[in-house]
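# Summary of the model geometry
Read off the chains here:
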Amino acid sequence: LKTVCFRGGCLTGENHSGTELHGFLSFLVKCILNENKYSIFGYKGKQVRDNMHSFDVACFIEEVIKSPRITEVYNICGGKENSVSILEAFDLIAKISGKPMKYTYLDQNRIGDHVCYYSDLKKMKAHYPNWDITKSLEDVFVDIYTRYMETAQS
């Protein structure tokens, strides 16, 4: 079977319907707009994840379809440049929305959670030099925020 494996990390975008334990960027945007409290689970909110916009995911997959490298495995996500801690994410969405983030802190971290993870994009870029991240972390936030605002008004 001729296959390529994509191991997705925090993949998101304006249509992502995040929930409390998965999809934290879209979920915290929902929380700030609905004035709900976001729950931080352990690590003092300093856990870091990299995020990749669905547009960039689709563009990478398109490059792979054009020239597949059979049996390769790609850790597909935003890399160090698009990484953010929960507390940094709060500041970014507060800046975009003009609202402060309300949150509670639970000292117990999520089972299996880790403090920091971001993908190394060198292999992806080496194998597919025409591809790169085009949506910055701030672009991701603005897209999610704009979509929720449009949805709320319709």
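Here, every reference points to the structure presented above.
## Concerning the overall build of the protein
On a plain count of helices and strands, the protein comes out with five helices and eight strands. In sequence order, the secondary structure elements of the protein are arranged as β-β-α-β-β-α-β-β-α-β-β-α-α. At 16 Å, the protein has a C-alpha radius of gyration in line with the 15 Å of a compact globule built from 154 residues. In terms of overall dimensions, the protein has C-alpha extents of about 45 × 40 × 25 Å along its principal axes. Buried positions account for 38% of the 154 residues belonging to the protein. For the protein, the share of sequence-separated contacts (at least 6 apart) that also reach a separation of at least 24 residues comes to 88%.

## Some points on a nonpolar patch on the surface
A cluster of nonpolar side chains, contributed by Phe6, Ile61 and Ile65, occupies part of the molecular surface with about 260 Å² of accessible area. Mapping phenylalanine 6 onto the fold places it in strand E1 (residues 5-8). The partly exposed category is assigned to phenylalanine 6, whose relative accessible area is 32%.

## Considerations on helix H5 (residues 137-153)
Residues separated by three or four positions in an α-helix point in the same direction, a consequence of the helix having 3.6 residues per turn. Taking 1.5 Å of rise per residue, 17 residues should cover 24 Å, and H5 covers 25 Å from first to last C-alpha, within 8% of that figure. Among all positions of H5, only Leu137, Val140, Phe141, Ile144, Tyr145 and Tyr148 are buried. Down the axis of H5, the buried set is contained in an arc of 120 degrees. They therefore lie on one face. Where H5 is buried, its residues touch strand E2 (10-12), helix H1 (24-34), strand E4 (48-53), strand E6 (83-85) and helix H3 (86-97).

## Things to note about the packing of H1 against H5
Here H1 crosses H5 at 50 degrees, and the two axes come no closer than 10 Å. In terms of their interaxial angle, H1 and H5 are classed as oblique. For H1 against H5, the interelement crossing comes out right-handed. Contacts between H1 and H5 involve Leu25, Ser26, Leu28, Val29, Lys30 and Leu33 on the former and, on the latter, Leu137, Val140, Phe141, Ile144, Tyr145, Tyr148 and Met149. Partitioning the contact of H1 with H5 into residue classes produces 11 nonpolar, one polar and one charged.

## Looking at the packing of aromatic side chains
Overall, the coordinates contain nine aromatic pairs when judged by the stated rule. An angle of 85 degrees between the planes, with centres 5.5 Å apart, marks the rings of phenylalanine 60 and tyrosine 128 as edge-to-face. On the criterion of sequence distance, the pair formed by phenylalanine 60 in helix H2 (residues 54-66) and tyrosine 128 in the loop between helix H4 (122-127) and H5 is long-range, its members being 68 residues apart. For tyrosine 128, a relative accessible area of 3% puts it in the buried group. Connected via pairs of aromatic rings, a cluster forms that spans Phe6, Phe60, Tyr74, Tyr128 and Trp131. In this structure, lysine 123 is placed above the aromatic ring of tyrosine 74, and the distance from its NZ or CZ to the ring centre is 5.2 Å. Across from the ring centre of phenylalanine 55, 5.9 Å away, lies the NZ or CZ of lysine 135, which sits over that ring.

Thresholds applied
- Residues numbered from 1 in each chain as written.
- Predicted model: local features only at pLDDT ≥ 70, side-chain atom pairs only at ≥ 80, totals over all residues.
- Heavy atoms only, no water.
- Helix = DSSP H or I, 4+ residues; strand = E, 2+ residues; numbered from the N terminus.
- Rg over C-alpha atoms; globule rule 2.2 N^0.38 Å.
- Buried < 20%, exposed > 50% of the residue type's maximum accessible area, 1.4 Å probe, protein only.
- Contact = heavy atoms within 4.5 Å.
- Patch = residues over 30% accessible without salt bridge, like charges linked within 9 Å, V, L, I, M, F, W, Y side chains within 5 Å.
- Areas by Shrake-Rupley, 256 points an atom, 1.4 Å probe, with all protein chains shown as cover.
- Salt bridge = Lys/Arg side-chain N within 4 Å of Asp/Glu carboxyl O.
- Expected span 1.5 Å × (residues − 1).
- Arc of directions from axis to C-beta.
- Axes fitted to C-alpha atoms, helices over the stretch in contact; angles between N-to-C directions.
- Parallel < 35°, antiparallel > 145°, perpendicular 65-115°, else oblique.
- Left-handed = near helix turned anticlockwise from the far one by under 90°.
- Nonpolar A, V, L, I, M, F, W, Y, C, P; charged D, E, K, R; others polar.
- Phe/Tyr/Trp six-rings, centres within 6.5 Å; stacked < 30°, edge-to-face > 60°.
- Lys NZ or Arg CZ within 6 Å of the ring centre and 35° of its normal.

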